[in-house]
Amino acid sequence: MKEEFYKCTLLSDVVLNSSLATEGNMSTLDYIPGSNFLGIVAGKMYSKLKPEEAFDVFHSGLVSFGDATISSNESIGYAMPSSLFMDKLNNEIGTDTSKVYLHHLLNKNNHPLRETDQTRLQLKQQRAGYVFSDGKTLKSIKKNFAIKSAQDRKTRNSKDGAMFGFESLGKGQEFIFSVCFKDDKYMKVVSDSLTGIQRLGKSKNAEFGQVQIQRIANPATISSFKNENYVLVYAQSNLCFNNEFGQSTFEPTEEQLGISSGKINWEKSQVRTYSYSSWNFKRNTTNSQRDCILKGSVFYVENRVLENTSNQVGLHQAEGFGRILYNPEFLKEGVEKPMAGFEFKQEANNALEKSSSELVKDSKTVLGKFLKQQQALKKFDLAISESIQNEIYSNSREIQSLKKISSSQWGGIRAYATKAKDMDALNNQLFNKESGYLTHGVAYEKYWDKNLNNFKNVFDKNKDLGTVFIAKFAAEMAKENKRS
């Protein structure tokens, strides 16, 4: 089996509702399910492939599209293992004073005690967040919330009683996922269809859902430790199993976890579950309910020696279900039991707010060119604002003298600047000795005779900023005159 890794950068907020409910508060997932990437490839390639090839890629499990989880410095984020417990009053993981205990090592004799009065600590399970291979942890992922309203097609106003909120994954964050191939011949087809600017999630036709997917080299992953007495099976993704009668079950067998012998100790295992129904756009209805084991769950299998470090088990593997790790390092026991031997650190810097220039640096698409143009305009406006700020608040004698000129004069200059096609034309309209707006008449004698050179210096110094600068400068000077 070959595995290729991809980085998914959110160019806009992405909505991935955690349920099919259309009323009430709708929360978003904190990861991108593999079914979204399968859908991207299927949308482009399903009709182009032969029926047997389409079955291989999208239904058989020969190609498995993994879930995308948050990344930090090209390192994959792993859902917080459910076997980690901490003092309820000191449960900030990664701090100097906090201690992490492993559930499968706890018993009546070694239950941690409070230092002050030697009473038993009340332990709390760690359920949220992610762990990276270098020990850094992440408590939460950046999310945004927006309120939208439906439009009344008759009046084109907001429809009464049709307001709803979207929670979304914040743009700029990076997620990493992998695609596993049991057959090499589909690698190029999948890679070509996946990479580039894509859209996923809900409300793709609105402002949500734009992402950039690019292939990356092998990111940093968690390693495994060796143990002679037991194997810890960690659910890297959600798991789904059927029992021998074809019914869904939350109690898989050792064989279904990829272990040929041994016995699951349920008391030392930590398994969390959930149920949901996926939406089928072809039939425009829900699929049958799936009963799943949540990612981060840990199974304790006795009397088994580790043979592999990872595996894919159970149902729906093509959509990213069924990925497990055996004995990952963050479940390693420490020298002092029941404490964990893995060094958990402070929160990782995940929400990398990338500038638009970085996101579209190499893009040659229409969108990329548009974003570059918008960035240039933004920089130009910023340069004008800074120059105006520097000129008006320079406290120079020349500028203070210009502030005494009436606002009506500045209004006239602004009107010329707004209509002029370029700075040369504006220069002629304002400073021409015979016909210039500032070089004759009563206003010249009253204001500009002694101030014309002062304004001409400002005009020439900022010539590169164009007529927009003069228009805005004149508007600000008119305000300054009223204030003085």
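Just so we're clear, the structure is a prediction, and the values are computed from it rather than from any experiment.

### So, the overall build of the chain
Alright, step 1. A tally of helices and strands in the chain yields ten helices and 26 strands.
Alright, step 2. The globule rule puts the C-alpha radius of gyration for 484 residues at 23 Å, and the 32 Å found for the chain is more than 25% above it.
Alright, step 3. Looking at the chain residue by residue over its 484 residues, the buried ones come to 46%.
Alright, step 4. By element, 47% of the accessible surface of the chain is carried by carbon and sulfur atoms, the whole surface being about 26500 Å².
Alright, step 5. Positive and negative charge centroids in the chain, built from 65 and 55 side chains respectively, lie 6 Å apart.

### Observations regarding the nonpolar core
Alright, step 1. Ranked by internal contacts, the top residues of the largest apolar core, which has 66 residues, are Ile32, Phe37 and Leu194.
Alright, step 2. Here this core takes six residues from helix H1 (residues 34-45), the largest share from any one element.
Alright, step 3. If you look at the next biggest cluster of nonpolar residues, it comprises 30 residues, including Trp410, Leu438, Ile470 and Ala478.

### As for the sheet that holds strand S7 (residues 123-125)
By way of backbone hydrogen bonds, the strands of a sheet pair with one another, either parallel or antiparallel.
Alright, step 1. If you trace the three strands from one edge of the open sheet to the other, you get S6-S5-S7, paired in antiparallel fashion. Of all strands in the sheet, those with a lone pairing partner are strand S6 (100-102) and S7, marking the two edges. Direction aside, neighbouring strands of the sheet carry axes that sit 40 degrees apart on average.
Alright, step 2. Note that strand S5 (residues 84-87) and S7 share three bridges and pair antiparallel. If you follow Asp87 over to S7, its bridge partner there is Leu123.

### Focus: the pairing of strand S22 (residues 290-293)
Alright, step 1. Of the two faces of S22, the one carrying Arg290 and Cys292 and the one carrying Asp291 and Ile293 are both buried.
Alright, step 2. Note that strand S19 (residues 273-276) and S22 share four bridges and pair antiparallel. Bridge pairing in S22 places Ser275 opposite Asp291.

### Side note on the packing of aromatic side chains
Alright, step 1. Within the structure shown, the criterion is met by 19 aromatic pairs.
Alright, step 2. Aromatic pair Tyr230 and Tyr300: ring centres 4.6 Å apart, planes at 25 degrees, arrangement stacked. Taken as a pair, Tyr230 in strand S15 (residues 230-235) and Tyr300 in strand S23 (residues 298-302) lie far apart in primary sequence, 70 residues in all.
Alright, step 3. An angle of 20 degrees between the planes, with centres 5.7 Å apart, marks the rings of Phe469 and Phe473 as stacked. Placement of both Phe469 and Phe473 in helix H10 (residues 466-483) is noted, with a separation of four residues, approximately one turn of the helix.
Alright, step 4. By relative accessible area, which is 0% here, Phe469 ends up buried.
Alright, step 5. Residue classification places Phe473 among the buried positions, given a relative accessible area of 0%.
Alright, step 6. Ring pairing ties together the aromatic residues Trp410, Phe431, Trp448, Phe455, Phe459, Phe469 and Phe473, which thus form one cluster.
Alright, step 7. The ring of Tyr31 carries the charged tip of Lys295 above its face, separated from the ring centre by 3.6 Å.

### Comments concerning the packing of helix H7 (residues 407-419) against H10
Alright, step 1. Across the interface, H7 lies against H10 with an axial gap of 8 Å and an inter-helix angle of 165 degrees. The orientation of H7 relative to H10 falls into the category roughly antiparallel. The hand of the H7/H10 crossing is left-handed. Counting all contacts with H7, which are made through Ser407, Trp410, Ile413, Arg414, Ala417 and Thr418, the residues of H10 involved are Thr467, Ile470, Ala471, Phe473, Ala474, Ala475, Met477, Ala478, Asn481 and Lys482.
Alright, step 2. Broken down by class, the residue content of the contact of H7 with H10 amounts to ten nonpolar, four polar and two charged.

### Some remarks on the pattern of salt bridges
Alright, step 1. Inspection of every chain in the model, using the stated rule, returns 17 salt bridges.
Alright, step 2. With a shortest N-O distance of 3.8 Å, Glu480 and Lys403 are connected by a salt bridge. Placement of the pair is Glu480 in helix H10 and Lys403 in the loop between helix H6 (397-402) and H7, with a sequence separation of 77 residues.
Alright, step 3. It is possible to trace a salt-bridge network through shared partners that takes in Lys7, Glu74 and Glu174.

About the criteria used
- Residues numbered from 1 in each chain as written.
- Predicted model: local features only at pLDDT ≥ 70, side-chain atom pairs only at ≥ 80, totals over all residues.
- Heavy atoms only, no water.
- Helix = DSSP H or I, 4+ residues; strand = E, 2+ residues; numbered from the N terminus.
- Rg over C-alpha atoms; globule rule 2.2 N^0.38 Å.
- Buried < 20%, exposed > 50% of the residue type's maximum accessible area, 1.4 Å probe, protein only.
- Areas by Shrake-Rupley, 256 points an atom, 1.4 Å probe, with all protein chains shown as cover.
- Lys, Arg positive; Asp, Glu negative; His and termini not counted.
- Charge placed at Lys NZ, Arg CZ, Asp CG, Glu CD.
- Core = buried A, V, L, I, M, F, W, Y, C linked by side-chain atoms within 4.5 Å.
- Pairing = 2+ DSSP bridges.
- Axes fitted to C-alpha atoms, helices over the stretch in contact; angles between N-to-C directions.
- Phe/Tyr/Trp six-rings, centres within 6.5 Å; stacked < 30°, edge-to-face > 60°.
- Lys NZ or Arg CZ within 6 Å of the ring centre and 35° of its normal.
- Parallel < 35°, antiparallel > 145°, perpendicular 65-115°, else oblique.
- Left-handed = near helix turned anticlockwise from the far one by under 90°.
- Contact = heavy atoms within 4.5 Å.
- Nonpolar A, V, L, I, M, F, W, Y, C, P; charged D, E, K, R; others polar.
- Salt bridge = Lys/Arg side-chain N within 4 Å of Asp/Glu carboxyl O.

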